[in-house]
Amino acid sequence: QTSYALAASIAIMVIVSALWLQFPGEKTGSDLITFKGKMQHEKIMVKSGSAPAGIEKTDLFSGKAKPGDALGFIVKPIAHFVLIVAIQQNQVVSNFMPSGQTSSLSLLGQTGEVTLSGSVVLDPYPGQERLLFIYSQKSIGYSDLQGLLRFDQPVQVMQDSLKDFEVLQISEYMIEK
């Protein structure tokens, strides 16, 4: 009887191992991250488990992303500056781009599509985030946004609160994890 139990255990381990090898690292269900919103003047690039320098224009978002994936961005220079931030449901505002800087990125003199250098890695925390591309004629400091942007605010209210920076447009995407 012990040999039958051992044989059954080994058979189950072989089947589980075979399935794991067939689908290594595949994410399903709630592990997937979706983006909602119509791309206007921007494109999102996603690279699975990538180092920040590993994103290429060929990695355009295809509808699937997961925690740990790196995001890169391409924008059209419709204003002098762009700042990309995310607002979490708990009202935390995160500076996505320009990465490691304290104010918006200058687009002066740029034409066509501009691939922003650097990337941001998607965190594993569940919930929704609003991804905002803020296009303005004046530079906006990341600290200028504190207390002005809220998760539940309409885009027009946000744009009105930033009128001193001559905001031309805020493009919005919902990230659902």
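Residues numbered from 1 in each chain as written. Predicted model: local features only at pLDDT ≥ 70, side-chain atom pairs only at ≥ 80, totals over all residues. Heavy atoms only, no water.

A.B. asks: Give me the lowdown on the pattern of salt bridges, citing residues and values where you can.
C.D. replies: Applying the stated criterion to the full structure yields five salt bridges. A salt bridge links Asp69 to Lys66; the nearest nitrogen and oxygen atoms lie 3.4 Å apart. Among the residues examined, Lys66 registers a relative accessible area of 18% and is labelled buried. Notably, a salt bridge pairs Lys138 with Glu166, separated by 3.6 Å at the nearest N-O pair. Separated by 28 residues along the polypeptide, Lys138 in the loop between β9 (128-136) and α2 (155-161) and Glu166 in the loop between α2 and β10 (167-176) bring together distant segments of the chain. A relative accessible area of 40% places Glu166 in the partly exposed class. (Salt bridge = Lys/Arg side-chain N within 4 Å of Asp/Glu carboxyl O. Buried < 20%, exposed > 50% of the residue type's maximum accessible area, 1.4 Å probe, protein only. Helix = DSSP H or I, 4+ residues; strand = E, 2+ residues; numbered from the N terminus.)

A.B. asks: How would you sum up unusual backbone geometry? Please name residues and give values.
C.D. replies: Residues other than glycine seldom take positive phi values, yet Gln91 does so here, at roughly 75°. Within the secondary structure, Gln91 is located in the loop between β4 (81-88) and β5 (93-97). With phi around 50°, Glu166 is a residue other than glycine that occupies positive phi space.

A.B. asks: Which residues make up the pairing of β5, and what are the values?
C.D. replies: Taken residue by residue, a regular strand's side chains alternate between the two faces of the sheet. As paired elements, β4 and β5 share four bridges and run antiparallel to each other. Following the sheet pairing, Ile87 is matched in β5 by Val93. What sits between the antiparallel neighbours β4 and β5 is a turn of four residues, in which Gln91 has the positive phi angle 75°. (Pairing = 2+ DSSP bridges.)

A.B. asks: Residues and numbers for the nonpolar core, please.
C.D. replies: If you look at the biggest cluster of nonpolar residues, it comprises 23 residues, and the most contacted ones within it are Leu71, Phe73, Val75, Ile84, Phe96, Leu131 and Phe133. For this core, the secondary structure elements donating two or more residues are β2 (42-47), β3 (70-75), β4, β5, β9 and β10. Leaving out residues up to four positions away in the same chain, Phe96 has contacts with Leu71, Phe73, Ile84, Val85, Ala86, Val120, Glu129 and Leu131. With 16 residues, the next largest nonpolar core counts Leu132, Phe151, Val155 and Phe165 among its residues. (Core = buried A, V, L, I, M, F, W, Y, C linked by side-chain atoms within 4.5 Å. Contact = heavy atoms within 4.5 Å.)

A.B. asks: Lay out the packing of aromatic side chains in plain terms, naming residues and giving numbers.
C.D. replies: Overall, the coordinates contain two aromatic pairs when judged by the stated rule. With centroids separated by 5.5 Å and ring planes inclined at 80°, the aromatic side chains of Phe73 and Phe133 adopt a geometry described as edge-to-face. Pair noted here: Phe73 is in strand β3 and Phe133 is in strand β9, with a separation of 60 residues, a long-range link. The class of Phe73 is buried, set by a relative accessible area of 0%. Owing to a relative accessible area of 0%, Phe133 belongs among the buried residues under this scheme. Between the aromatic rings of Phe133 and Tyr173, the centroid separation amounts to 5.7 Å while the plane-to-plane angle is 85°, which identifies the pairing as edge-to-face. Of this pair, Phe133 sits in strand β9 while Tyr173 sits in strand β10, placing them 40 residues apart in sequence. Members of the aromatic cluster, each reached through a chain of ring pairs, are Phe73, Phe133 and Tyr173. (Phe/Tyr/Trp six-rings, centres within 6.5 Å; stacked < 30°, edge-to-face > 60°.)

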